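Structural description and commentary
In case you want the letters, here they are:
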Amino acid sequence: MGQSASTHGLSHRPHGQTQTNPLRRRPSNLRPEMAPLMPTVEESVELDYISELPDECLSCIFQLLSSGDRTTCSLVCRRWLRVEGESRRRLALNARAELLPQIPSLFSRFDAVAKLALRCDRRSVSLDDDALILISLRCRNLTRLKLRGCRQVTDVGMAGFAKNCKGLKKFSCGSCIFGVKGMNALLDHCSALEELSVKRLRGINDGVEPIGPGVAASSLKSICLKELYNGQCFGPLIVGAKNLKALKLLRCLGDWDRLLEMVANRNNSLVEIHLERLQVSDVGLMAISNCSNIEILHLVRTPECTNCGVVSVAERCKLLRKLHIDGWRTNRIGNEGLIAIAKHCSNLQELVLIGVNPTSISLEALATNCQKLERLALCGSETIGDAEILCIASKCVALKKLCIKGCPVTDQGIEAFAWGCPNLVKIKVKKCQEVTSDLVDWLRARRGSVVFSLDVCEVEADGLDATASDGGAQDDGLEFPAIVSQGTTAPAPAAAAAAAADAPSTSNGRRSLFKSRFGLFGGRGLVACTFRRCGLQFSL
């Protein structure tokens, strides 16, 4: 009765022969001269390759991680905690008054921060001048600053900050109370400032002194003013910014025709202009037409603008690539203006028409002359029916993305895309009651490479609005959903002071006050991004 040579994985070996540790074995096919250089498996297991990684490489790895993952990695060991802090370039803090005593320790660890966001909830007391000045002393290399709801910061704090952070390139503030002196201090000291975004600045009152131009006027490339009662006081800055490329005036009170005339007479470098819910007429559009380099133009709910102004822009701004018009169903902009666009703007790539009533005449002209048209949105147009859709399907050969919303089209018109628009990538049909899901299924079977999306919900009263930029200056790519930059939060030791870097600020109470004062031009809620709702993102 013998036993097997191996029982439960125990090998049988002759008496006196030692067992070789399999972890110490080297590959059998290894050349003899290479054996001393090749570590054994056991040595490889024990060796910590991460510890041999230079700090610079570890920092590059951290840069590829999300904020949460970076925070987790910082808890691994002291070295990772140090390297993660030294490599952190973005930081967002909950800017409450309790932050002040934590500032020295925070910025001792995060000593390389270049982009800082300070946000305070409207129910809390924000940090004050002393805290902002202390931050500026700790972050002299700061290039970007966002202030949201910092209502305790005054002109004194802004002046102190500007003197210490002269390399600032981007500044954005919202729901703050500092005034003209603080803004002028920023413009007088920050000679490298390129982007300025101001929203609901409460410290600017009637009869105040003008803002700008300052030393920043020579470097400014983008100015965005939103929901200001006295936005015209920025006139000297806008006119004096010789290298200004983008100007966005959104939901600001007052007559802007005169200022636009002054800008056009002294600034011909403008490439992008957004006018939203603004008191501007054809006089202002004719002034804009003097800026022959305009490539992007948004006219959103400017009821005094008519075909006459659009024709003037079309005739002189022949480089136009992107045009958004929300006519607000006033019928003041229609075929005449669109035919002029088709005739003179052959480089047009993106066209958004909301509350405008074009017909086959203007659409055929656009399709025939604008051979580069790739993105088209038709929303809330009473005249867009099957005939117009058939025209688009047969003529717009370069079209890649199409959105049709709240228009009286039927299955007969939409089925034309089974053959038309050979370069079509995505089509969104929303709130068109006569388009059925059976047709969409049929289209998907016919053209599997095209994404078809259908939503037949009821048309809302104010659900057909144009795009509105709620951020600062955006890149020329111009993605319709508002660009949210990736921010970071402070790790565990400062978790109580940190918040998400780019979460939208909560300001419902202030917004209600703004609506009640602004009346017709108030309320960002009514100006929702059409393509965000349609699920389309356009970027060049």
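Given the structure is predicted, the values throughout are model-derived calculations rather than measurements.

1. Structural notes on the packing of helix α7 (residues 155-164) against helix α8 (residues 180-189)
For the pair α7 and α8, interaxial distance at closest approach is 8 Å and the crossing angle is 5°. Taken together, the axes of α7 and α8 lie roughly parallel to each other. On the side of α7, the interface is formed by Asp-155, Met-158, Ala-159, Ala-162 and Lys-163, while α8 contributes Val-180, Lys-181, Gly-182, Ala-185, Leu-186 and His-189.

2. So, the side chain of Ser-219
Secondary-structure assignment places Ser-219 in the loop between β5 (195-199) and β6 (222-226). Owing to a relative accessible area of 15%, Ser-219 belongs among the buried residues under this scheme. For Ser-219, the side chain forms a polar contact with the main-chain oxygen of Ser-191, separated by 2.9 Å. In this structure Ser-219 touches Ser-191, Ala-192, Leu-193 and Glu-194, once residues within four positions along its chain are discounted.

3. Observations concerning helix α4 (residues 78-87)
For α4, the complete set of buried residues consists of Trp-80, Val-83, Glu-84, Gly-85 and Ser-87. Against α2 (55-63), α3 (67-73) and α5 (103-109) lie the buried residues of α4.

4. Some points on the packing of α2 against α4
Taken N-terminus to C-terminus, the directions of α2 and α4 make an angle of 65°; their axes are 9 Å apart at the nearest point. As far as their axial angle goes, α4 and α2 are roughly perpendicular. The handedness of the crossing between α2 and α4 is right-handed. On α4, the residues that touch Asp-55, Leu-58, Ser-59, Phe-62 and Gln-63 of α2 are Arg-79, Trp-80, Arg-82, Val-83, Glu-84 and Ser-87. Here the contact of α2 with α4 is composed, by residue class, of 4 nonpolar, 3 polar and 4 charged.

5. Comments concerning the nonpolar core
Counting 127 residues, the largest nonpolar core has Leu-118, Phe-171, Met-183 and Phe-234 as the members making the most contacts within it. Ignoring anything within four residues of it in the chain, the contact list for Met-183 reads Phe-171, Cys-173, Phe-178, Leu-196, Val-198, Leu-201, Ile-211 and Phe-234.

6. Here's the deal with unusual backbone geometry
Along the chain, Gly-212 connects to Pro-213 via a cis peptide bond; the corresponding omega equals 0°. If you trace the backbone, Pro-213 turns up in the loop between β5 and β6. Positive phi, close to 55°, is recorded for Glu-227, a residue that is not glycine. Within the secondary structure, Glu-227 is located in the loop between β6 and α9 (235-240). Here Glu-227 falls in the buried class, since its relative accessible area comes to 2%.

7. Overview of the environment of Leu-454
Mapped onto the secondary structure, Leu-454 falls in strand β15 (residues 451-455). Residues Leu-454 and Lys-428 lie 26 residues apart in sequence; the distance between their C-alpha atoms is 6.1 Å. For Leu-454, the residues in contact, after removing those within four places along its chain, are Val-429, Val-435, Thr-436, Ser-437 and Val-440.

8. Notes on the pattern of salt bridges
Counted under the stated rule, the structure contains 19 salt bridges. For the salt bridge of Glu-84 with Arg-88, the shortest nitrogen-to-oxygen distance reads 2.5 Å. The residues Glu-84 and Arg-88 share a single accessibility class, namely buried. In this structure, the salt-bridge partner of Arg-251 is Glu-276, at a minimum N-O distance of 2.4 Å. Of this pair, Arg-251 sits in the loop between β7 (246-250) and α10 (257-266) while Glu-276 sits in strand β8 (residues 272-276); the two residues are 25 residues apart in sequence, bridging distant segments of the chain. Under the relative-accessibility criterion, Arg-251 is labelled buried at 2%. Each of Asp-55, Arg-79, Arg-82 and Glu-86 takes part in one network of salt bridges that share partners.

9. Quick look at the environment of Leu-320
In this structure, Leu-320 sits in the loop between α12 (307-316) and β10 (322-326). Considering only alpha carbons, one finds Leu-320 and His-344, 24 residues apart in sequence, at a separation of 9.1 Å.

10. Quick notes on the packing of aromatic side chains
Counting across every chain of the model gives 2 aromatic pairs. Pairing Phe-62 with Trp-80 gives two aromatic rings, centres 5.7 Å apart and planes at 75°, and the pair type is edge-to-face. Of this pair, Phe-62 sits in helix α2 while Trp-80 is found in helix α4, placing the two residues 18 residues apart along the sequence. Residue Phe-62 is classed as buried on the basis of its relative accessible area of 1%.

Reading the values: rules and limits
Residues numbered from 1 in each chain as written. Predicted model: local features only at pLDDT ≥ 70, side-chain atom pairs only at ≥ 80, totals over all residues. Heavy atoms only, no water. Axes fitted to C-alpha atoms, helices over the stretch in contact; angles between N-to-C directions. Helix = DSSP H or I, 4+ residues; strand = E, 2+ residues; numbered from the N terminus. Parallel < 35°, antiparallel > 145°, perpendicular 65-115°, else oblique. Contact = heavy atoms within 4.5 Å. Buried < 20%, exposed > 50% of the residue type's maximum accessible area, 1.4 Å probe, protein only. Polar contact = N/O pair within 3.5 Å; in protein donor to acceptor, adjacent residues only side chain to side chain. Left-handed = near helix turned anticlockwise from the far one by under 90°. Nonpolar A, V, L, I, M, F, W, Y, C, P; charged D, E, K, R; others polar. Core = buried A, V, L, I, M, F, W, Y, C linked by side-chain atoms within 4.5 Å. Salt bridge = Lys/Arg side-chain N within 4 Å of Asp/Glu carboxyl O. Phe/Tyr/Trp six-rings, centres within 6.5 Å; stacked < 30°, edge-to-face > 60°.

Geometric descriptors of this kind do not, in isolation, establish any biological role.
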